[in-house]
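# Observations on the model geometry
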Amino acid sequence: VQLQASGRGLVQPRDFLTLSCATSGFTFTLYEMAWFRQAPGKEREFVAQVSRSGRSTKYTDSVKGRFTISRDNAKNTVYLQMNIVKPEDTAVYYCAGSWTLSDKYDDPGQYTYWGEGTQVTVSS
């Protein structure tokens, strides 16, 4: 199983970037996918989640209206479009996959597979 996250690392405030997470080794269409992030000295926090079909999404309040999660089931890839980024978005971003259909979509413990993370730094 592999989840390889990638995306531009250093951006300026109010800039935009897209993170990608290419996956392999598991049946992508059977997993709900999500992005989490972890800033220095803080716990890992939920960012966004997309359902298996891609039709349903959920976001943490701090990114609503700025970030968009999506998936391409033909490419086994999940994306996070980040717009109007802020310094407080600085963190290591992780993609994750969950087999379990649960309302605890923001709980890291619900996710089976994790990528290694990609650093996003928002600074002028």
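Throughout what follows, the structure given in this document is the object of discussion. (Residues numbered from 1 in each chain as written. Predicted model: local features only at pLDDT ≥ 70, side-chain atom pairs only at ≥ 80, totals over all residues. Heavy atoms only, no water.)

## With respect to the side chain of Arg71
Relative to the helices and strands, Arg71 resides in strand S7 (residues 67-72). Of the buried charged residues, Arg71 lacks a salt bridge, with Glu32 as the closest side chain of opposite charge at 7.5 Å. Within the local environment of Arg71, its side chain forms a polar contact with the backbone oxygen of Phe28, the two atoms lying 2.8 Å apart. A polar contact of 2.7 Å, which involves the side chain of Arg71, links it to the side chain of Asn73. When neighbours within four sequence positions are excluded, Arg71 is seen to be in contact with Phe28, Thr29, Tyr31, Glu32, Met33, Val50, Ser51, Arg52, Gly54, Thr77, Val78 and Tyr79. (Helix = DSSP H or I, 4+ residues; strand = E, 2+ residues; numbered from the N terminus. Buried < 20%, exposed > 50% of the residue type's maximum accessible area, 1.4 Å probe, protein only. Lys, Arg positive; Asp, Glu negative; His and termini not counted. Salt bridge = Lys/Arg side-chain N within 4 Å of Asp/Glu carboxyl O. Polar contact = N/O pair within 3.5 Å; in protein donor to acceptor, adjacent residues only side chain to side chain. Contact = heavy atoms within 4.5 Å.)

## Quick look at the pattern of salt bridges
Inspection of every chain in the model, using the stated rule, returns 4 salt bridges. Measuring nitrogen to oxygen at the nearest pair gives 2.9 Å for the salt bridge that ties Arg37 to Asp89. Note that Arg37 is positioned in strand S4 (residues 32-38) and Asp89 in the loop between strand S8 (77-82) and strand S9 (91-98), a separation of 52 residues in sequence. Exposure class is identical for Arg37 and Asp89. Each is buried. In this structure, Lys64 and Asp61 form a salt bridge, with 3.1 Å as the shortest nitrogen-oxygen distance. Accessibility expressed as a relative area gives 61% for Asp61, which makes it exposed. Here the salt bridges do not stand alone but share partners, grouping Arg37, Glu45, Arg66 and Asp89 into one network.

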